[in-house]
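Chain by chain, the residues:
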Amino acid sequence: MLNKLDGGSFKVGDGRLSGYMAVALAVLSFFGVIAFHFPEYLTTPQLRQSYDVNVIRHVMFVALVISGSLGLWNIIRNVNKRAAVIAWCFISVTIALGGHRVEVGDFPDNTPYLGLDWFILDLLGSTLIFVLIEKLFPFRKQPVLRPEWQTDLQHFLINHLIIGFALIAGNQFVNVFFGWAVSDAIQSSVQQLPWLGQLFLVLLMADLVQYTLHRAYHEVPFLWRFHSVHHSVESMDWLAGSRQHIAELIVTRCFVLTPIFVFGFEKSVIDAYIIIVGFQAVFNHANVNINIGWLRYILVTPQFHHWHHASDKAAIDRNYAAHFSFIDYILKTAVTGESKWPKAYGIVGGGMPQGWLKQQFYPWLKRRKLVK
Ligand SMILES: [Zn+2]
Ligand SMILES: [Zn+2]
């Protein structure tokens, strides 16, 4: 009998799924206790305003209990004991460091920081939400821990840790290069628009900038070297979207921030935009088969973005949009006549090494012409 949760790679009772869960929860709890000790360097100022540290304590306690129990269960059943021992080591160190009871005093608000809390919370939340969606509406049957998941988890980790740096870089960029474009007249007329109108406008502006940049990444050979990291993923799921060269991530964020900064949208509109862009960036890569009928000609769906990643000839340099698919249909860059799903993903020429670090060096070192 095959385990339903993972789509068929683990046999029930082999202790791998329980082992992975035990280790993951124990490691996240360990990261959590380190963040409790050094909140000024390991938590995100904007994020920590929106959660209650007591709730985090309860979550950590529950995670430790689940992790320890899963480890014990493996030991009792005499399966995957290695994972149980690793999990228990992390649990022991976490408890020795104070566990969920560590006192957090006052600390300065303006230190340089890594977004470790953002990584822990987003990994827990996204795993719960997207694994559930992928198991409820799967396009293809594939395990949660599909090939190359380790590389994409490394990207996920680093992308979250550098959030503070990316925010500073983005703010500096728009202030230095586009400060001149800010006009009170334009900003007040934008803010007089109805809320939904502003939301549509911010998504459209961001997507037009993103489309232009994305197309350049595909059509300029030097830029393609960097973007090919994102396209090297061969198993699409919610985690696959994290795979991105760090230079591309920062440059894209800088440019996409520009219209938001220049047009001066209301804060609640920007908050809604951040939630939508965060969800869609993950969801578009997810292994999810949803049918939204004719709306697919307006909105980007997982199927639309999966075609962007396809290695089929008809899909090369197509489907650039991130929010509105109509941009590609209007500009004649949409994959057409492909009602189904792609057969394979990745770079036709292959050759991308695995691992975050090697992929960061890859665009700088390789001199041969990359094939899409
Ligand atoms: Zn692309
Ligand atoms: Zn993508």
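What counts, and where the lines are drawn
Residues numbered from 1 in each chain as written. Chains lettered and ligands numbered in written order. Predicted model: local features only at pLDDT ≥ 70, side-chain atom pairs only at ≥ 80, totals over all residues. Heavy atoms only, no water. Donors = N, O, S within 2.8 Å, 3.2 Å for Na, K, Ca; no water. Helix = DSSP H or I, 4+ residues; strand = E, 2+ residues; numbered from the N terminus. Buried < 20%, exposed > 50% of the residue type's maximum accessible area, 1.4 Å probe, protein only. Contact = heavy atoms within 4.5 Å. Axes fitted to C-alpha atoms, helices over the stretch in contact; angles between N-to-C directions. Parallel < 35°, antiparallel > 145°, perpendicular 65-115°, else oblique. Left-handed = near helix turned anticlockwise from the far one by under 90°. Nonpolar A, V, L, I, M, F, W, Y, C, P; charged D, E, K, R; others polar. Core = buried A, V, L, I, M, F, W, Y, C linked by side-chain atoms within 4.5 Å. Domains from an automatic or database assignment. Buried area = accessible area lost by both parts, 1.4 Å probe. Tetrahedral: all angles 85-135°; square planar, octahedral: opposite > 155°, others 65-115°.

(A) Region of the structure containing the coordination of the zinc ion (ligand 1). Those protein atoms acting as donors to the zinc ion (ligand 1) are His 214 (NE2), His 218 (NE2), His 227 (NE2), His 231 (NE2) and His 308 (NE2), and they sit at 2.0 to 2.2 Å. Each donor residue of the zinc ion (ligand 1) lies on the same chain, and together they follow the pattern H-x3-H-x8-H-x3-H-x76-H. With His 231 in helix H11 (residues 221-231) and His 308 in helix H14 (residues 302-309), the pair connects residues that are 77 residues apart, well separated along the chain. A single burial state applies to His 231 and to His 308, both of which are buried.

(B) Structural view of the environment of Ala 272. Mapping Ala 272 onto the fold places it in helix H13 (residues 267-283). For Ala 272, a relative accessible area of 16% translates into the label buried. Along the backbone, Ala 272 and Val 262 are ten residues apart, and their C-alpha atoms lie at a distance of 18 Å. Excluding its chain neighbours within four sequence positions, the residues that come into contact with Ala 272 are Trp 195 and Leu 199.

(C) Main features of the packing of helix H6 (residues 116-136) against helix H7 (residues 149-161). The contact between H6 and H7 brings their axes to 7 Å, and the two run at 135 degrees. It follows that H6 is oblique to H7 by the angle criterion. In the packing of H6 onto H7, the handedness of the crossing is right-handed. Residues Leu 116, Trp 118, Phe 119, Asp 122 and Leu 123 of H6 touch H7, and the partners they reach there are Leu 153, Phe 156, Leu 157, His 160 and Leu 161. Class assignment of the residues belonging to the contact of H6 with H7 gives a composition of eight nonpolar, one polar and one charged.

(D) Inspection of the packing of helix H9 (residues 184-191) against helix H12 (residues 246-263) at higher detail. Close contact between H9 and H12 brings their axes to 8 Å; oriented N to C, the two are set at 90 degrees. Judged by the inter-axis angle, H9 sits roughly perpendicular to H12. For the pair H9 and H12, the contacting residues are Ile 186, Gln 187 and Val 190 in the first and Phe 261, Val 262 and Phe 263 in the second. Among the residues making up the contact of H9 with H12, the classes are represented as five nonpolar, one polar and no charged.

(E) Up close: unusual backbone geometry. Here the phi dihedral of Asp 317 falls at roughly 55 degrees; this positive angle occurs in a residue that is not glycine. Examined against the element boundaries, Asp 317 turns out to sit in the loop between H14 and helix H15 (326-330). Backbone geometry places Asn 319, a non-glycine residue, at a positive phi of 55 degrees. Tracing the sequence through the fold places Asn 319 in the loop between H14 and H15. By relative accessible area, Asn 319 is classed as buried at 1%.

(F) How the structure looks around the nonpolar core. In this structure, Leu 116, Phe 119, Leu 123, Phe 130, Phe 156, Trp 238 and Phe 283 are the most contacted members of the largest nonpolar core, which totals 18 residues. Taken together, the elements giving at least two residues each to this core come down to helix H1 (16-37), H6, H7 and H13. The dominant element in this core, judged by the number of residues it contributes, is H6, at seven residues. Both domain 1 (16-144) and domain 2 (163-365) contribute no fewer than three residues apiece to this core. Setting aside residues no more than four positions away along its own chain, Trp 238 makes contact with Leu 123, Ser 126, Thr 127, Phe 130, Val 131, Glu 134, Phe 156, Val 282, His 285, Ala 286 and Asn 287.

(G) Representation of the domain arrangement of the protein. For the protein, the assigned domains are domain 1 (16-144) and domain 2 (163-365). Of note, the centres of domain 1 and domain 2, computed from C-alpha atoms alone, are 29 Å apart. Across the contact, 18 residues belong to domain 1 and 18 residues belong to domain 2. Both faces considered, domain 1 and domain 2 share a buried interface measuring about 1500 Å² in area, 63% of it formed by carbon and sulfur atoms.

(H) Structural detail: the coordination of the zinc ion (ligand 2). Distances from the zinc ion (ligand 2) to its protein donors, His 230 (NE2), His 285 (NE2), His 305 (NE2) and His 309 (NE2), fall within 2.0 to 2.1 Å. One can describe the site at the zinc ion (ligand 2) as irregular: its four donor atoms subtend angles covering 93 to 156 degrees at the metal. Mapping the donors of the zinc ion (ligand 2) onto the primary sequence gives the spacing H-x54-H-x19-H-x3-H. A residue pair is termed long-range when its members are at least 10 positions apart, and His 285 in the loop between H13 and H14 and His 309 in helix H14 qualify at 24 residues. Looking at His 309, the relative accessible area reads 0%, which means it is buried.

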